[in-house]
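Residue-level structure breakdown
Letter by letter, the chains look like this.
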Amino acid sequence: MGALRLLMAVAVIFSHAPGLAHGGDYPGIHFSRGQTSLGPMAVCGFFVLSGLLITRSARRLSLGRFMWHRLLRIMPAFWFCLLVTAFVVAPLLARREHMSMSTLFNHPTGPIGYLLSNWSLGIDQWGIADLLSKNVHPYALDGSLWSLGLEMLCYLTVAALAAIGVLKRARWFVLVLLLGAYVHLVLLAFDYPHLQAPFYAPVHKVWTLPLIGWVSADQLIPLMFIFGLGAAAELYRERLPINAPLAVLSLVTVVVTARYGAFVIIGVPAFAYLILWCALRAPRPITRIGSRADLSYGIYIYGYIAQQCLTAYGWNRWGLAAYNAITVVLTVIAAAFSWYVVEKPALKLKNLGYDDLHRLRLRLFRRRAPQAPAAEPLPAQQAADERMGSGSLR
């Protein structure tokens, strides 16, 4: 599935490009009559694959081990991205905008405030010290981070379902939750002519959750629905047919509904099936892509930063094709650095257990312990040693 994740990460970059470079519309928004665009479909692809893989992991691992794996996959690279944004990108932009370092770091929304406000996936501060104020989309340094909190919320939901035994003994309950979300989406669609509801249809309901921060129902419900479709595909994989005719039918359904209506209630499930078919029926050479170096996460979280920086430096004047090409090159470099320096080393810790920690402690203790000088045996001890024929008891 690495090739699909890479493709969708790059699609997010292409989706943001017209708006961040020139204030243009998102690709596909006019074709779908406002129902969706390239970016939301790419995010949908991420979530349906995540739903399948995360559910598989939750059924296989203990609860503690499952959450440890999820935290290792998300948080180290996320924290590193925050550090790069605060202490590398922000000073470079400040220099570009003729802002002194003292002004930057003493600003109420400076780099330190950016780290403290966003460290837990709840993004409460999008900009740093009023940088990027002249960009087409001002202030926001990394707009792609918004979905990470929702993804973590999906992980927590799966963990809760696993803890109460739903995933192994009552998988039908997942279908009940899916049905509830689907009914909600259908009712929203009836408020729009020809059922042409946007994927993120406004609900005007916001919650503030611990650590994750604010969560909007506009985004939460459709994304959890698509995540749930991937989870259901894993739970009922023995009953789910994966074949080419259904894949072709799904593709036609996606195109027709995106153009004429009912995309959210008919096209989205068809799109989820199409993504699963591509993932499970891909030719063997394609399956090797991303198997050793998964750059998709890094591309996703650094693409927006690269685009905003290119716009700030005026490189958007060279046209959209050059803008996209330079963005992809810069983002792939940043993603590779993130993978080899942060993500891959962090993932090596996922099987760390108590025994490993105990061995590490003993190794460190032995290495640091000073060697005690050999003591002269006492006469009584020396006599006992000679009787035992074993020399010194040291």
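The present account deals with the structure reproduced in this document. (Residues numbered from 1 in each chain as written. Predicted model: local features only at pLDDT ≥ 70, side-chain atom pairs only at ≥ 80, totals over all residues. Heavy atoms only, no water.)

**Notes on the side chain of Ser 50**
Position of Ser 50 relative to the elements: it lies in helix H2 (residues 38-60). The class for Ser 50 is buried, based on a relative accessible area of 8%. The contacts of Ser 50, once residues within four sequence positions are left out, are Thr 55, Glu 151, Tyr 155 and Phe 227. (Helix = DSSP H or I, 4+ residues; strand = E, 2+ residues; numbered from the N terminus. Buried < 20%, exposed > 50% of the residue type's maximum accessible area, 1.4 Å probe, protein only. Contact = heavy atoms within 4.5 Å.)

**Description of a nonpolar patch on the surface**
A grouping of Leu 83, Phe 87, Val 88, Leu 92, Met 101, Phe 105, Ile 112 and Leu 116 is seen on the molecular surface, where their side chains present a nonpolar patch of about 720 Å² in accessible area. When residues of the nonpolar patch are traced back to their parent elements, those giving at least two are helix H3 (63-96), helix H4 (101-106) and helix H5 (111-118). Looking at which element gives the most residues to the nonpolar patch, the answer is H3, with four residues. The class for Leu 116 is exposed, based on a relative accessible area of 62%. (Patch = residues over 30% accessible without salt bridge, like charges linked within 9 Å, V, L, I, M, F, W, Y side chains within 5 Å. Areas by Shrake-Rupley, 256 points an atom, 1.4 Å probe, with all protein chains shown as cover. Salt bridge = Lys/Arg side-chain N within 4 Å of Asp/Glu carboxyl O.)

**Things to note about the packing of H3 against helix H14 (residues 320-347)**
Running from N to C, H3 and H14 cross one another at 140°; their axes reach a closest spacing of 9 Å. Judged on the interaxial angle alone, H14 and H3 are oblique. Where H3 crosses over H14, the handedness of that crossing is right-handed. Between H3 and H14, the residues in contact are Leu 72, Arg 73, Pro 76, Ala 77 and Phe 80 and Phe 337, Ser 338, Trp 339, Val 342, Glu 343, Ala 346 and Leu 347, respectively. Tallied by class, residues from the contact of H3 with H14 come to nine nonpolar, one polar and two charged. (Axes fitted to C-alpha atoms, helices over the stretch in contact; angles between N-to-C directions. Parallel < 35°, antiparallel > 145°, perpendicular 65-115°, else oblique. Left-handed = near helix turned anticlockwise from the far one by under 90°. Nonpolar A, V, L, I, M, F, W, Y, C, P; charged D, E, K, R; others polar.)

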